[in-house]
Amino acid sequence: MRLLNLFKIATKAIILNKTRTLLTMLGIIIGVASVIAMLAIGEGSKESIRTSISAMGSNMITIKPGADDKGAVRGSGGDVQTLTLQNYEVIKEKADLLSYITPVVNGSGQIINGSNNWPSSIYGVNPEYLDIKVVGLQSGSMFTDAEVKSASKVVVIGQTVVDNIFPNGEDPIGKMIRFNNIPFKVIGVLEEKGENTFGQDQDDVVIAPYTTVQKRILAIDHLNQIIASSISEDEAPEAVTQVIEILRTEHKLLANQADDFTVKSMEELISTFSSTSEMLTILLVAVASISLLIGGIGIMNIMYVSVKERTKEIGLRMAVGAKGADILMQFLIEAILISITGGVLGVLLGLGSTVFIEKFLNWPTSVALYSIIISFAVCAVTGIFFGWYPAKKAAALDPITALRYE
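So, here's what we can say about the structure. (Residues numbered from 1 in each chain as written. Predicted model: local features only at pLDDT ≥ 70, side-chain atom pairs only at ≥ 80, totals over all residues. Heavy atoms only, no water.)

To continue, consider the environment of I217. Structurally, the position occupied by I217 is in helix α7 (residues 210-218). A residue is classified by how much of its surface remains accessible, and I217, at 22% relative accessible area, is partly exposed. For the pair I217 and N106, spaced 111 residues apart in sequence, the C-alpha separation works out to 9.3 Å. What I217 contacts, discounting residues up to four positions off in sequence, is I122, F179, I182, F184 and T212. (Helix = DSSP H or I, 4+ residues; strand = E, 2+ residues; numbered from the N terminus. Buried < 20%, exposed > 50% of the residue type's maximum accessible area, 1.4 Å probe, protein only. Contact = heavy atoms within 4.5 Å.)

A separate point is the packing of helix α3 (residues 85-94) against helix α8 (residues 236-250). Their axes nearest at 10 Å, the elements α3 and α8 cross at an angle of 135°. Between α3 and α8, the crossing angle belongs to the class labelled oblique. Seen along the crossing, α3 lies across α8 with a hand that is right-handed. Residues Q86, N87, V90, I91 and K94 of α3 touch α8, and the partners they reach there are Q242, V243, I246, L247 and E250. Residues that form the contact of α3 with α8 fall into these classes: 5 nonpolar, 3 polar and 2 charged. (Axes fitted to C-alpha atoms, helices over the stretch in contact; angles between N-to-C directions. Parallel < 35°, antiparallel > 145°, perpendicular 65-115°, else oblique. Left-handed = near helix turned anticlockwise from the far one by under 90°. Nonpolar A, V, L, I, M, F, W, Y, C, P; charged D, E, K, R; others polar.)

Attention now moves to the pairing of strand β8 (residues 206-209). Relative to β8, strand β3 (residues 116-125) runs parallel, the two being bridged by 4 bridges. Residue V125 lies in a different strand from β8, and its bridge partner there is P209. Bridge count between strand β5 (residues 154-157) and β8: 2 bridges; the pairing is antiparallel. Each bridged residue has a counterpart across the sheet, and for V156 the counterpart in β8 is I207. (Pairing = 2+ DSSP bridges.)

Here's what the structure looks like:
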């Protein structure tokens, strides 16, 4: 019952000073809203990164020639030619944690159709490329293993290439185009994928049999890279280890020798980007939290003013039997009420801000429940921490001195 009465007294004091209380709450409101919005942007960014990278092939494993830049220093320029078709064949045969695998050779040039031309990249792959990249065909068909073996001059093109070399909307299937001066028959068009996480247009691509690109365009016998897909996302780390062991054996590397190749999974890429995103989120939240600190100082300040203004009231309450603990609780409850109310308004403003950010700024956001819980916890702690000292000072007043106060 005593607590209920104290709660009523604290509520009445807040209502009597609405404007002052609202201004005091402003720091808390802005602080909580900022923290929720910043955490929502951070979580949204991480989810967006994961989704975008997964769209490129969540189980994808990339094998490139040359040592990892973070590891051993690259040796001679020949390091970049350390992947061969034999390596691809051995990995395909021995790596049982891989579901799909393809060699990749690529080059740049002009795609020409009559008077229309477009600068693009050509990728030499096998038919499993589409399964690894998780992309389908909008029309036509993919080239076959037989066409790979015979180094057929056939291509599958992306929508960006179609839009630029077939500007009048004609169906490209069956048409002859040229890559530089070499004629190719268009047999398929890829589904649209848009830009990836790095801002690259995934539809600005031409794919052909790797044998054709090796022999007729690049005139090379090595591979630019090998890409594969693990049997599941969970198996990706083990698949990477398996591929490394196979390649080290193939390249006859001793235990003390560094890899002359680099094997990475998409999970590593997701982890790297997520870590960067988390660091930025922490920084933004730290900046936003300054508003909470300012709000707390505002509560302390207003509670000091309130104690001064109500010194005589405190004296009267003590004179009629109120104990120091009652006075302490009265002012502490008042501080916590201001803080919690500010927290509620801050949460509502924060949620509204995330909707605005997503709708009008097109930034990905994701409000996590923990951000709201943390905000409320911080508000309660702020109210107790910054309200305690003024409340204690009020409780310590001498009743006689308080009654004489004017």
